[in-house]
Amino acid sequence: MKVVGKNVRKVDGIALVTGQPVFTLDVTPPGAVVGKILRSPHAHAEIVRIDTSKAEELPGVLCILHHGNVPRTPYTTAGQGWPEPSPYDSFLFDRKVRFVGDRVAAVAATSEEIADEALRLIEVEYRQLPAVLVPEEAIGPGAPVIHDEEESRGIHDPQHNVAAAIDIRVGDIERGFTESDVVVETTCEFPYVQHVPLESHCVVAYLDEEDRLVIRSATQVPFHVRRIVARALGVPLSRIRVIKPRIGGGFGTKQEIILEDVAAALALRTRRPVVMKYSRAEEFVAARTRHPMKIRIKLGAKRDGTIHAIEMDVLSNTGAYGTHSLTVLSNVGSKTLPLYNKAPHLWFHGKAVYTNLPVAGAYRGYGATQGYFALEVAVDELAEKLGMDPLKLRLANHIRAGETSPIFEKIGEGRAGKAQVVKSCALEECIREGAKRIGWKEKHGKKTSEGRWVHGVGMALSMQGSGITDIDMAAATIVMNEDGSFRLLVGATDLGTGSDTILAQIAAETLGVAVEAISVYSSDTDFTPFDTGAYASSTTYVSGGAVLRAAQEARRRILEVAAAILGEPPESLDLEEGHAVSRGTGKKVPLSEVGHRAMYVTDQRHIIATASFVAPESPPPFAAFFAEVAVDVETGVVRVVKFVAAADCGMPINPALAEGQLEGAIVQGIGHTLYEELLFSPRGRVRNPNLFDYRIPTAADVPDIEVVLIPSDEPTGPYGAKSIGEIGINGPAPAIANAIYDAIGVRLYRIPFTPERVLKALHGKSMG
Amino acid sequence: MKKTGPVEIVKPKDLGEAIAFVRKGGMPLAGGTDAFVRIRKGFWDPPFLVYIGELPELREVEIREGGAEVGAAVTHAELLRSEVPRRLPIFRLVLEKLGAPAIREMGTIGGNVANASPAGDTLIPLYLLEARVNLVGPDGERSLAIEEFVLGPGKTALREGELIVSFWIPFPEGDPVPYFHKVGRRRALYIAVLSLGALLWLEGDVIREMRLALGAVAPTVVRPREVEAKLRGRRLSHEDLEPLCAELSAATSSITDIRGPDWYRREAAGRLLLGLLRLREA
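Residues numbered from 1 in each chain as written. Chains lettered and ligands numbered in written order. Predicted model: local features only at pLDDT ≥ 70, side-chain atom pairs only at ≥ 80, totals over all residues. Heavy atoms only, no water.

**So, the overall build of chain B**
When its secondary structure is counted, chain B shows 13 helices and 13 strands. Here the C-alpha atoms of chain B give a radius of gyration of 19 Å, agreeing with the 19 Å that 2.2 N^0.38 yields for 282 residues. For chain B, the spread of C-alpha atoms along the three principal axes comes to 60 × 50 × 30 Å. The 282 residues of chain B split such that 55% are buried. (Helix = DSSP H or I, 4+ residues; strand = E, 2+ residues; numbered from the N terminus. Rg over C-alpha atoms; globule rule 2.2 N^0.38 Å. Buried < 20%, exposed > 50% of the residue type's maximum accessible area, 1.4 Å probe, protein only.)

Structural data, given as structure tokens:
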């Protein structure tokens, strides 16, 4: 390997660090106006009357949209593949508001100040409805029905506020527990947490010279934006172009169409370019969150430590709309249960329910994060009850290469899945290497004190997937220039992850050139081929697969031309260092000559290759996480002293970028575990919609993080690669929870582990 | 959320003009680390701002006989770099935990005190050292003890047209051992959930004299003088300190806010006393 497996610098790195105008809002079209959204002050209410006359009289106000003057088409804001697994329960603007912050109206005005003033001048009369803020109450008797509209489609049970439900059985769970020697049962709770991307949601929408709608958006899913906006606005798909520039982070929240539809509607109505941007407060209230969950888990095991039965019972809160409700719920089981594939008896069941709270959606980890918190805390408890080292218990039960799990076939993307045998797995080495680096043998079960700080260690395992089987499809186009350089056009959506770089590496390796010979462009629905988008840990595996195929095809065409020049059969030629080289005679010709000849000289043709790749399966990456924590027994403050992650992402295409994904996910996971939680007033208003009161880790809070990549060779992946984007976020919550238990002998089941929760756990229920 | 601003800022040429502007309703502006955030969020709508951050009278740090005079517009970073922490090491302990470098470079001690937040970090050493606040206004100069100056959250004894010019921080007798513990979830850029500062005059491990100041557990910083009195003559030992934890808790009158529940502050405040045991190890 010349390029793959090397720490090549990010292809967009220089542009980013030198502040080039590469982001959505860095360039504004002339004549642009500002769009702003009026939001509901009530958790649940009917809009009785809306009077925009005063606002419309304000000079500079161009247009006001509300339920009375836009099409009423149900759709989902979830940017997923087709058929869309999320219910169609959203409207551009509705007659009803379902959470504090829900859309009521939108204004386009010539300045932000005028738009703000116009929002104040819109008179709305509400009839307040009883609101329900607790998932258990939402499905209880007499709860208000949040989605009582006729037009919605695909809601599991609207009358009882159930957006989605799942019930999967393998074997005989009752028998499984009866046959088990040891059974543990525990319930873990995950609160509302937010993605907090550096760049908030933003978009520019305008009509081009041919009157086509152009949407430049900070999105992870440009092709889904095009399809969903076409549906919501009733505009033919052919009349929409979506451009994705550089993105300032997404983590799943930009897999949602929450601003493009409004901006597009305002642009169509005003015929002016419309710029819209979420404030940080809007980002907290009206973007998306992780699905808060309560997960009850029951594990049964034989005396020798073989896990024999697993039940997982999930109550997921999807908030006011059901975006990703079914698929996130499914993933709680489908991404966790195969890890412990020795258990013949499984029961995975749960509901995703509506409440009058902010809307949950896709968030890095996508249900697996919540599932692993519960599963890995329960496994720790099981080990204790069995009197076994939790590391040994995990080693005895985890899945290996060549093995399968019935779950792969039972649970898919909102439907049945597909049987799959794990072809690559270095989890055992990950566990052993991670244990060595944290000092598991020396430290576990032997808490040490340094004054008021008590230290402990804990661990957790995780797997994820690489794309969505039979659904995620990516295409790539490689265009050869006459000087022997290439353009790589991908629909794949680099959102800061570095995917443009690793895709260039895959192309460069295949074409025998340096990365510098490849110019990557992502993505534009008019000019780059289709890609489902950057989610589900799919880009390296799925988009990378497409790039590999396109590059192989381009290579074949190059060799044809080179063969004619060299007078040797194409099969005897290789591409190396910018040349076609004969293995037999050593004769070679530079690619610049190949390109020039093909374009201008003989038998002219443009060497272009396009190829598609659809995920034939979803090979899981694996990881073992280890945390050492220090707990201040006087104040309950928890500090992570050291965090080790050993991960198998197949053959890493760019180890530095893969490690960066892991490190970033771990820091985000530590944020969930120790700091983050959206707080609500009794009426459903977010109390901390700002970075002053909703705390994420600062640089000073990042502990000593050690990540190590243990390669495996995935035969279905490009150059042996699997995914790495999400898995890291699954580790911190359970590893830290287990480490806290190791330190102070108290189990915590609800994150974040705030000082007051830790102190209360330490000193019993007498407090508070 | 309603936004305010833009707001007019005037820059007086001297202290006299500054007082005249403030008398006309202008609000003093120094580092702006708090003011601009509050204006931007719409929590504060001052008629106009008077920039006092560069007035020479407010910018000096002077070590004198018996104490230090610190100008109100001296930034936290400047104070940290000055002679003051060498003479009064409690300031080093506190200022190193205040905000983060950027905040420390801009924020001023006068601004921190004028905010009168019970969680204001610089109030801890000022209470411990029994500092005085030097004021100047239309009716001339006056000086108040810090405990008389701070009246409650956001409330001070400042009269109309008055400005804080400086703080007089007397050097304590002898060489007391400083102690500061700020509790928060994060390590940087955090407001104290609660804090405890102390000065101890020790003879061996016996407490000859001591002062305590608790932050963020009551409407103002608290000096629990009864607990201080009871600590005199005790040893720096778990047995001697533990019985007073409950009394220290009782000296608080906490509220529940977004950073923590009242019971936690009360409970943790008492336990912070045991942190003093670390001074014995040191």
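**So, empty space enclosed by the protein**
Overall, the coordinates contain six cavities of 30 Å³ or more when judged by the stated rule. As a volume, the largest cavity reaches approximately 220 Å³. What lines the largest cavity is a set of 20 residues, and nearest its centre among them are Phe91(A), Asp102(A), Arg103(A), Arg288(A) and Tyr321(A). Counted by class, the lining of the largest cavity contains 10 nonpolar, three polar and seven charged residues. In this structure, the second largest cavity occupies an estimated 50 Å³ of space. Contributing to the lining of the second largest cavity are Val638(A), Arg639(A), Val640(A), Ile670(A), Leu674(A), Tyr675(A), Asp701(A), Arg185(B) and Arg187(B). (1 Å grid on protein atoms, 1.4 Å probe; cavity = no way out; pocket = protein on both sides within 12 Å on 5 of 7 lines; lining within 4 Å. Points joined across faces, edges and corners; volume = space filled by probe spheres on them. Nonpolar A, V, L, I, M, F, W, Y, C, P; charged D, E, K, R; others polar.)

**A word on the packing of aromatic side chains**
All names here are of chain A. Enumeration according to the criterion identifies 10 aromatic pairs over all chains in this entry. Relative to phenylalanine 613, the ring of tyrosine 541 lies with its centre 5.8 Å away and its plane at 85°, an arrangement referred to as edge-to-face. Here the residue tyrosine 541 occupies a position in helix α16 (residues 539–566), and phenylalanine 613 occupies one in strand β24 (residues 608–614), the gap between them amounting to 72 residues. Each member of the pair, tyrosine 541 as well as phenylalanine 613, carries the same accessibility label: buried. Through a chain of ring-to-ring contacts, three or more aromatic side chains come together here, namely Phe190, Phe373 and Phe753. Positioned over the ring face of phenylalanine 91 is arginine 72, at 4.0 Å from the centre of the ring. If you follow arginine 695 out to its NZ or CZ, it ends over the ring of phenylalanine 692, 5.1 Å from the centre. (Phe/Tyr/Trp six-rings, centres within 6.5 Å; stacked < 30°, edge-to-face > 60°. Lys NZ or Arg CZ within 6 Å of the ring centre and 35° of its normal.)

**Topic: helix α18 (residues 655–674) of chain A**
Under the 1.5 Å per step criterion, the end-to-end length of α18(A) is 28 Å for 20 residues, consistent within 8% with the ideal 28 Å. For α18(A), the tally of buried residues reaches 15 of 20 residues, placing the bulk of the element in the interior. (Expected span 1.5 Å × (residues − 1).)

**A look at the packing of helix α6 (residues 222–233) of chain A against helix α7 (residues 260–270) of chain A**
Residues and elements named next belong to chain A. Where α6 meets α7, the axes come as close as 10 Å, and the angle between the chain directions of the two elements is 55°. When the axis of α6 is compared with that of α7, the two are oblique. Considering the relative orientation of α6 and α7, their crossing is right-handed. Facing Val225, Val229 and Leu233 of α6, the residues of α7 in contact are Glu260, Asp261, Ala264, Ala265 and Leu268. Across the contact of α6 with α7, the residue classes break down as six nonpolar, no polar and two charged. (Axes fitted to C-alpha atoms, helices over the stretch in contact; angles between N-to-C directions. Parallel < 35°, antiparallel > 145°, perpendicular 65-115°, else oblique. Left-handed = near helix turned anticlockwise from the far one by under 90°. Contact = heavy atoms within 4.5 Å.)

**Focus on the domain arrangement of chain B**
All names here are of chain B. Under the domain assignment, chain B is made up of domain 1 (9–51), domain 2 (56–170) and domain 3 (177–280). On a C-alpha basis, the centres of domain 2 and domain 3 stand 22 Å from each other. Each partner contributes residues to the interface: domain 2 has 23 residues there, and domain 3 has 25 residues. When the two sides are added together, the surface that domain 2 and domain 3 hide from each other amounts to roughly 1900 Å², 67% of it contributed by carbon and sulfur. Broken down residue by residue, the surface that domain 2 buries against domain 3 is led by Pro118, Ile124 and Leu128, which jointly contribute 30%. Where domain 2 packs against domain 3, one counts five salt bridges. Among the salt bridges present, the one from lysine 182 reaches aspartate 121, with a minimum N-O distance of 2.9 Å. (Domains from an automatic or database assignment. Buried area = accessible area lost by both parts, 1.4 Å probe. Salt bridge = Lys/Arg side-chain N within 4 Å of Asp/Glu carboxyl O.)

**Digging into the sheet that holds strand β7 (residues 140–145) of chain B**
Residues and elements named next belong to chain B. The five strands lie next to each other as β4-β5-β10-β6-β7, forming an open sheet whose pairing is antiparallel. At either end of the open sheet lies a strand with only one pairing partner, and these are β4 (61–64) and β7. On average, adjacent strands in this sheet sit at an angle of 20° to one another, irrespective of strand direction. Bridge count for strand β6 (residues 132–137) against β7 is six bridges, and the pairing is antiparallel. Bridging from a neighbouring strand, leucine 135 pairs with arginine 142 of β7. Taken strand by strand, helix α1 (residues 15–23) contacts β6 and β10 (163–170), and its axis lies near 120° from that of β10. (Pairing = 2+ DSSP bridges.)

**Quick notes on the interface of chain A and chain B**
Taken together, the contacts link 32 residues of chain A with 26 residues of chain B. Contact with chain B buries area across many residues of chain A, yet Glu634(A), Arg639(A) and Glu756(A) alone supply 22% of it, more than any other trio. Linking chain A with chain B are two salt bridges, by the criterion used here. Residues Arg259(B) and Asp693(A) are paired through a salt bridge, measuring 3.9 Å at the closest nitrogen-oxygen approach. Linking chain A to chain B there are seven residue pairs in polar contact (both at pLDDT 80 or more). Mapped by element, the contributors of at least two residues to the side of chain A that touches chain B are β26 (638–648) and α20 (755–763) of chain A. (Polar contact = N/O pair within 3.5 Å; in protein donor to acceptor, adjacent residues only side chain to side chain.)

**Quick word on the domain arrangement of chain A**
All names here are of chain A. Domain boundaries assigned for chain A yield domain 1 (26–129 + 201–277), domain 2 (293–468 + 617–767) and domain 3 (472–614). When each unit is reduced to the centre of its C-alpha atoms, the spacing between domain 1 and domain 2 is 36 Å. Counting from both sides, the interface comprises 24 residues of domain 1 and, opposite them, 26 residues of domain 2. Taken together, the two surfaces of domain 1 and domain 2 that pack against each other cover about 1700 Å², and 50% of this comes from carbon and sulfur. For the pair domain 1 and domain 2, the number of links is zero salt bridges. Put simply, domain 1 and domain 2 have 14 residue pairs in polar contact (both at pLDDT 80 or more) between them. Broken down by class, the residue content of the side of domain 1 that touches domain 2 amounts to eight nonpolar, 12 polar and four charged.

**What about the environment of Glu256(A)?**
All names here are of chain A. Secondary-structure assignment places glutamate 256 in the loop between β11 (240–243) and α7. The class for glutamate 256 is buried, based on a relative accessible area of 1%. For the pair glutamate 256 and threonine 323, spaced 67 residues apart in the sequence, the C-alpha separation amounts to 8.5 Å. Dropping the residues within four chain positions of it, glutamate 256 is found in contact with Thr77, Ala78, Gly79, Arg288, Thr323, His324, Gly361 and Ala362. Among the polar contacts listed, one links the side chain of glutamate 256 to the side chain of threonine 77, at a separation of 2.7 Å.

**Some remarks on the sheet that holds strand β2 (residues 45–51) of chain A**
All names here are of chain A. Read across the sheet, three strands follow the order β4-β2-β6 without closing on themselves; strand pairing throughout is antiparallel. Only two strands of the sheet have a single partner each, and these edge strands are β4 (96–97) and β6 (123–128). Two elements, β2 and β4, share two bridges in a ladder whose sense is antiparallel. Residue pairing across strands places alanine 45 opposite valine 97, the latter belonging to β4.

**Remarks on the nonpolar core**
The tendency in soluble globular proteins is for nonpolar side chains to be buried side by side. All names here are of chain A. Ile736 and Phe753 are the most contacted members of the largest nonpolar core, which totals 118 residues. Looking at this core, the element that brings in the most residues is helix α10 (residues 368–386), giving 11 residues. Once you skip the residues sitting within four places of it in the chain, phenylalanine 753 turns out to touch Phe373, Val638, Thr673, Leu674, Ala733, Ile736, Ala737, Ile740, Leu748 and Val758. (Core = buried A, V, L, I, M, F, W, Y, C linked by side-chain atoms within 4.5 Å.)

**Remarks on the environment of Pro406(A)**
Take Pro406(A): it is sitting in helix α12 (residues 406–410). With a relative accessible area of 36%, Pro406(A) lands in the partly exposed category.

**Quick word on the pattern of salt bridges**
Residue and element names in this part refer to chain A. On inspection of all chains with the given rule, the structure shows 83 salt bridges over all chains. Across the salt bridge formed by arginine 246 and aspartate 500, the nearest N and O atoms sit 2.7 Å from each other. Of this pair, arginine 246 sits in the loop between β11 and α7 while aspartate 500 sits in helix α15 (residues 499–511); the two residues are 254 residues apart in sequence, bridging distant segments of the chain. Look at aspartate 500 and you get buried, because its relative accessible area is 2%. The network of salt bridges with common partners includes Arg72, Asp94, Arg95, Arg98, Glu149 and Glu151.

**A short note on the pairing of β6(B)**
Residues and elements named next belong to chain B. With five of six residues buried, β6 lies mostly within the body of the structure. Adjacent in sequence and paired antiparallel, β6 and β7 are bridged by two residues. Across five bridges, the pairing between β6 and β10 is antiparallel. Paired with arginine 132 across the strands is tryptophan 168, a residue of β10.

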